[in-house]
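Inside the fold
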Amino acid sequence: MSKIIFNYKICDLAPECGGISCCPKHAITYSKTENRPVWNKEKCTFCLKCTLPDACPVGAILYAANENQEKQITDTLAHDSRSEEWLWSERFGVQPARFSPCAIELTTDNKEIILNSSAPILIDVWHSDYLDCRLHSPLFSDLLPAGFSAKLYKLNAKEYPDFAKFLNVSQFPSLVALIKHSPTIVCSGPISDIQTAKNNIINLFKESNS
(Lines give C-alpha, C1' and ligand atoms only; values in the text may rest on other atoms or scores of the structure.)
Protein backbone atom coordinates (compact mmCIF):
# COMPACT_ATOMS: atom_id res chain seq x y z
CA MET A 1 0.00 0.00 0.00
CA SER A 2 1.36 3.41 -0.99
CA LYS A 3 2.25 5.82 1.79
CA ILE A 4 3.71 9.28 2.46
CA ILE A 5 6.30 9.27 5.26
CA PHE A 6 7.75 12.27 7.09
CA ASN A 7 11.31 12.34 8.35
CA TYR A 8 10.55 14.43 11.41
CA LYS A 9 14.21 14.40 12.46
CA ILE A 10 15.01 17.00 9.80
CA CYS A 11 11.56 18.58 9.34
CA ASP A 12 11.26 22.13 10.68
CA LEU A 13 7.71 21.23 11.85
CA ALA A 14 6.41 24.59 10.62
CA PRO A 15 2.80 25.44 9.71
CA GLU A 16 4.29 26.98 6.54
CA CYS A 17 5.37 23.51 5.30
CA GLY A 18 5.72 23.45 1.50
CA GLY A 19 3.98 20.10 1.40
CA ILE A 20 0.85 21.74 2.80
CA SER A 21 0.77 24.59 0.31
CA CYS A 22 1.48 22.44 -2.76
CA CYS A 23 -1.04 19.64 -2.09
CA PRO A 24 -4.08 20.05 -4.39
CA LYS A 25 -6.22 17.72 -2.25
CA HIS A 26 -5.22 19.11 1.17
CA ALA A 27 -3.93 15.70 2.16
CA ILE A 28 -1.13 17.31 4.18
CA THR A 29 -2.24 19.61 6.96
CA TYR A 30 -0.74 21.08 10.10
CA SER A 31 -1.80 19.33 13.29
CA LYS A 32 -2.02 21.68 16.26
CA THR A 33 -2.27 18.61 18.48
CA GLU A 34 0.98 17.08 17.25
CA ASN A 35 2.58 20.45 16.37
CA ARG A 36 3.76 19.22 12.99
CA PRO A 37 2.57 18.52 9.41
CA VAL A 38 0.63 15.26 9.02
CA TRP A 39 -0.60 13.18 6.08
CA ASN A 40 -4.19 12.04 5.44
CA LYS A 41 -4.21 8.86 3.31
CA GLU A 42 -7.94 9.19 2.58
CA LYS A 43 -7.42 12.48 0.71
CA CYS A 44 -4.10 11.70 -0.99
CA THR A 45 -4.03 10.94 -4.75
CA PHE A 46 -0.25 10.38 -4.73
CA CYS A 47 0.59 13.13 -7.18
CA LEU A 48 3.88 13.29 -5.24
CA LYS A 49 4.20 17.07 -5.54
CA CYS A 50 5.00 17.18 -1.83
CA THR A 51 8.11 15.04 -2.32
CA LEU A 52 9.70 17.40 -4.85
CA PRO A 53 12.52 19.77 -3.80
CA ASP A 54 10.33 22.81 -4.46
CA ALA A 55 7.95 21.62 -1.72
CA CYS A 56 10.51 20.25 0.74
CA PRO A 57 14.09 21.40 0.11
CA VAL A 58 15.54 19.08 2.76
CA GLY A 59 13.76 15.92 1.53
CA ALA A 60 11.79 15.29 4.70
CA ILE A 61 8.69 14.07 2.80
CA LEU A 62 9.16 10.58 1.36
CA TYR A 63 7.08 8.20 -0.77
CA ALA A 64 6.78 4.45 -0.29
CA ALA A 65 5.03 2.61 -3.14
CA ASN A 66 4.62 -0.63 -1.20
CA GLU A 67 5.29 -2.31 2.14
CA ASN A 68 8.87 -3.25 1.20
CA GLN A 69 9.72 0.35 0.40
CA GLU A 70 8.00 1.50 3.58
CA LYS A 71 10.17 -0.90 5.61
CA GLN A 72 13.32 0.28 3.83
CA ILE A 73 12.49 3.92 4.50
CA THR A 74 11.55 3.23 8.13
CA ASP A 75 14.83 1.36 8.70
CA THR A 76 16.80 4.19 7.07
CA LEU A 77 15.10 6.81 9.22
CA ALA A 78 15.77 4.81 12.37
CA HIS A 79 19.51 5.08 11.66
CA ASP A 80 19.43 8.68 10.42
CA SER A 81 21.75 10.61 12.72
CA ARG A 82 20.63 14.04 11.52
CA SER A 83 18.74 16.32 13.88
CA GLU A 84 17.32 19.83 14.35
CA GLU A 85 20.87 21.19 14.61
CA TRP A 86 21.62 19.78 11.15
CA LEU A 87 18.47 21.36 9.72
CA TRP A 88 19.23 24.86 10.96
CA SER A 89 22.90 24.79 9.99
CA GLU A 90 22.45 23.17 6.56
CA ARG A 91 19.25 24.86 5.40
CA PHE A 92 19.48 28.27 7.02
CA GLY A 93 23.16 28.58 7.86
CA VAL A 94 22.54 29.27 11.56
CA GLN A 95 22.74 27.40 14.81
CA PRO A 96 19.76 26.87 17.15
CA ALA A 97 19.00 29.87 19.34
CA ARG A 98 21.35 30.25 22.28
CA PHE A 99 20.73 31.52 25.77
CA SER A 100 22.27 34.65 27.14
CA PRO A 101 24.91 33.76 29.74
CA CYS A 102 22.93 35.66 32.39
CA ALA A 103 19.43 34.57 31.28
CA ILE A 104 17.38 32.10 33.32
CA GLU A 105 15.20 29.65 31.41
CA LEU A 106 11.53 30.12 32.26
CA THR A 107 9.77 26.87 33.20
CA THR A 108 6.78 25.67 35.17
CA ASP A 109 9.09 25.38 38.18
CA ASN A 110 9.83 29.11 38.41
CA LYS A 111 6.75 30.59 36.72
CA GLU A 112 4.89 31.35 39.96
CA ILE A 113 7.99 32.91 41.52
CA ILE A 114 8.22 35.29 38.58
CA LEU A 115 4.52 36.20 38.62
CA ASN A 116 4.68 36.98 42.33
CA SER A 117 7.96 38.87 42.20
CA SER A 118 7.93 42.47 43.39
CA ALA A 119 11.25 43.15 41.64
CA PRO A 120 11.31 44.19 37.96
CA ILE A 121 11.89 41.34 35.51
CA LEU A 122 12.81 41.22 31.82
CA ILE A 123 11.62 38.29 29.71
CA ASP A 124 13.03 37.41 26.30
CA VAL A 125 10.10 35.68 24.56
CA TRP A 126 11.09 33.62 21.53
CA HIS A 127 9.60 30.72 19.53
CA SER A 128 11.67 27.74 18.45
CA ASP A 129 9.72 27.33 15.18
CA TYR A 130 10.23 30.92 13.98
CA LEU A 131 13.15 31.62 11.68
CA ASP A 132 13.32 35.27 12.82
CA CYS A 133 14.09 34.05 16.32
CA ARG A 134 16.89 31.86 15.01
CA LEU A 135 18.40 34.53 12.80
CA HIS A 136 17.69 37.80 14.58
CA SER A 137 17.02 37.23 18.25
CA PRO A 138 19.83 39.14 19.95
CA LEU A 139 21.41 38.30 23.23
CA PHE A 140 19.17 40.66 25.16
CA SER A 141 21.77 40.89 27.89
CA ASP A 142 23.63 43.15 25.43
CA LEU A 143 20.77 45.63 25.81
CA LEU A 144 21.05 45.86 29.58
CA PRO A 145 22.74 49.03 30.85
CA ALA A 146 25.80 48.62 33.05
CA GLY A 147 24.85 47.89 36.64
CA PHE A 148 21.28 46.99 35.68
CA SER A 149 19.85 44.82 38.44
CA ALA A 150 16.68 43.35 36.87
CA LYS A 151 16.80 39.61 36.24
CA LEU A 152 16.60 38.38 32.65
CA TYR A 153 14.53 35.30 31.77
CA LYS A 154 14.07 33.50 28.46
CA LEU A 155 10.69 31.98 27.51
CA ASN A 156 10.09 29.56 24.63
CA ALA A 157 6.53 30.41 23.51
CA LYS A 158 6.20 27.06 21.76
CA GLU A 159 6.47 25.28 25.10
CA TYR A 160 4.51 27.87 27.13
CA PRO A 161 1.98 29.51 24.76
CA ASP A 162 -0.40 30.48 27.57
CA PHE A 163 2.31 32.42 29.39
CA ALA A 164 3.31 34.19 26.16
CA LYS A 165 -0.36 35.14 25.71
CA PHE A 166 -0.47 36.49 29.27
CA LEU A 167 2.52 38.68 28.40
CA ASN A 168 0.58 40.04 25.37
CA VAL A 169 3.24 38.82 22.96
CA SER A 170 2.10 38.38 19.35
CA GLN A 171 5.43 38.81 17.55
CA PHE A 172 8.64 36.88 18.07
CA PRO A 173 11.16 37.60 19.38
CA SER A 174 9.92 40.14 21.96
CA LEU A 175 11.44 41.62 25.08
CA VAL A 176 8.88 42.10 27.86
CA ALA A 177 9.27 43.97 31.13
CA LEU A 178 7.23 42.61 34.02
CA ILE A 179 6.86 45.45 36.52
CA LYS A 180 4.54 45.20 39.50
CA HIS A 181 2.94 42.12 37.91
CA SER A 182 2.06 44.07 34.76
CA PRO A 183 3.68 43.17 31.39
CA THR A 184 4.97 45.87 29.03
CA ILE A 185 6.54 45.08 25.66
CA VAL A 186 9.88 46.86 25.38
CA CYS A 187 10.59 45.86 21.77
CA SER A 188 9.40 43.28 19.22
CA GLY A 189 10.97 41.67 16.20
CA PRO A 190 14.52 42.14 14.93
CA ILE A 191 16.22 45.05 16.70
CA SER A 192 17.89 47.47 14.30
CA ASP A 193 18.60 50.24 16.81
CA ILE A 194 20.32 48.85 19.89
CA GLN A 195 20.69 52.24 21.61
CA THR A 196 16.97 53.03 21.29
CA ALA A 197 16.12 49.66 22.80
CA LYS A 198 18.51 50.38 25.69
CA ASN A 199 16.91 53.77 26.26
CA ASN A 200 13.45 52.18 26.28
CA ILE A 201 14.54 49.83 29.06
CA ILE A 202 16.13 52.63 31.12
CA ASN A 203 13.11 54.93 30.79
CA LEU A 204 10.65 52.18 31.57
CA PHE A 205 12.38 51.24 34.81
CA LYS A 206 12.90 54.87 35.80
CA GLU A 207 9.13 55.43 35.51
CA SER A 208 8.43 52.35 37.60
CA ASN A 209 10.63 53.68 40.42
CA SER A 210 9.20 57.20 40.38
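These numbers were taken from a predicted model, which means no experiment stands behind them. (Residues numbered from 1 in each chain as written. Predicted model: local features only at pLDDT ≥ 70, side-chain atom pairs only at ≥ 80, totals over all residues. Heavy atoms only, no water.)

Turning to the pairing of strand 6 (residues 121-126), a few remarks are in order. Counting buried residues in strand 6 gives six out of six residues, a clear majority hidden from the surface. Of the two faces of strand 6, the one carrying Ile121, Ile123 and Val125 and the one carrying Leu122, Asp124 and Trp126 are both buried. Pairing geometry for strand 6 and strand 7 (residues 151-156), over six bridges, is parallel. Residue pairing in the sheet places Val125 in a bridge with Leu155 of strand 7. Across five bridges, strand 6 lies against strand 8 (residues 174-179) in antiparallel orientation. Within the sheet, the bridge partner assigned to Val125 lies in strand 8 and is Ser174. (Buried < 20%, exposed > 50% of the residue type's maximum accessible area, 1.4 Å probe, protein only. Helix = DSSP H or I, 4+ residues; strand = E, 2+ residues; numbered from the N terminus. Pairing = 2+ DSSP bridges.)

Attention shifts here to the nonpolar core. The biggest cluster of nonpolar side chains holds 17 residues, and the ones touching the most others in it are Leu106, Ile114, Ile123, Val125, Leu155 and Leu167. The biggest single contributor to this core is strand 6, with four residues. If sequence neighbours within four positions are ignored, Val125 has contacts with Leu155, Ala157, Ala164, Leu167, Val169, Phe172, Pro173, Ser174 and Val176. Counting residues in hydrophobic clusters, the runner-up holds 15 residues, among them Cys11, Cys44, Cys50 and Ile61. (Core = buried A, V, L, I, M, F, W, Y, C linked by side-chain atoms within 4.5 Å. Contact = heavy atoms within 4.5 Å.)

Okay, the pattern of salt bridges next. The final tally for this structure, using the stated rule, is five salt bridges. The partner of Lys3 in a salt bridge is Glu70, and the shortest N-O contact between them spans 3.1 Å. Placement of the pair is Lys3 in strand 1 (residues 3-6) and Glu70 in helix 2 (residues 67-78), with a sequence separation of 67 residues. A relative accessible area of 32% places Lys3 in the partly exposed class. With a shortest N-O distance of 2.3 Å, Asp124 and Lys154 are connected by a salt bridge. (Salt bridge = Lys/Arg side-chain N within 4 Å of Asp/Glu carboxyl O.)

Moving on, we come to the side chain of Asp80. Along the chain, the position of Asp80 falls in the loop between helix 2 and helix 3 (84-92). By relative accessible area, Asp80 is classed as buried at 13%. Reaching out from Asp80, the side chain makes a polar contact with the side chain of Asn7 at a distance of 3.0 Å. Aside from chain neighbours lying at most four places away, what touches Asp80 is Asn7 and Lys9. (Polar contact = N/O pair within 3.5 Å; in protein donor to acceptor, adjacent residues only side chain to side chain.)

Let's shift gears to the state of the cysteines. What the rule picks out here adds up to zero disulfides. Note on Cys23: no disulfide assigned, nearest cysteine sulfur contributed by Cys47 at a separation of 5.9 Å. What makes Cys23 buried here is its relative accessible area of 13%. The thiol of Cys44 is not disulfide-bonded; the next cysteine sulfur, from Cys23, is found 6.3 Å away. Given a relative accessible area of 18%, Cys44 falls into the buried group. (Disulfide = S-S within 2.5 Å.)

With respect to the element layout, Leu204 can be found in helix 7 (residues 194-209). On the basis of relative accessible area, Leu204 is assigned to the buried category, the value being 17%. Linking Leu204 and Thr184, residues 20 residues apart in sequence, is a C-alpha distance of 8.9 Å. For Leu204, the residues in contact, after removing those within four places along its chain, are Ala177, Ile179, Thr184 and Val186.

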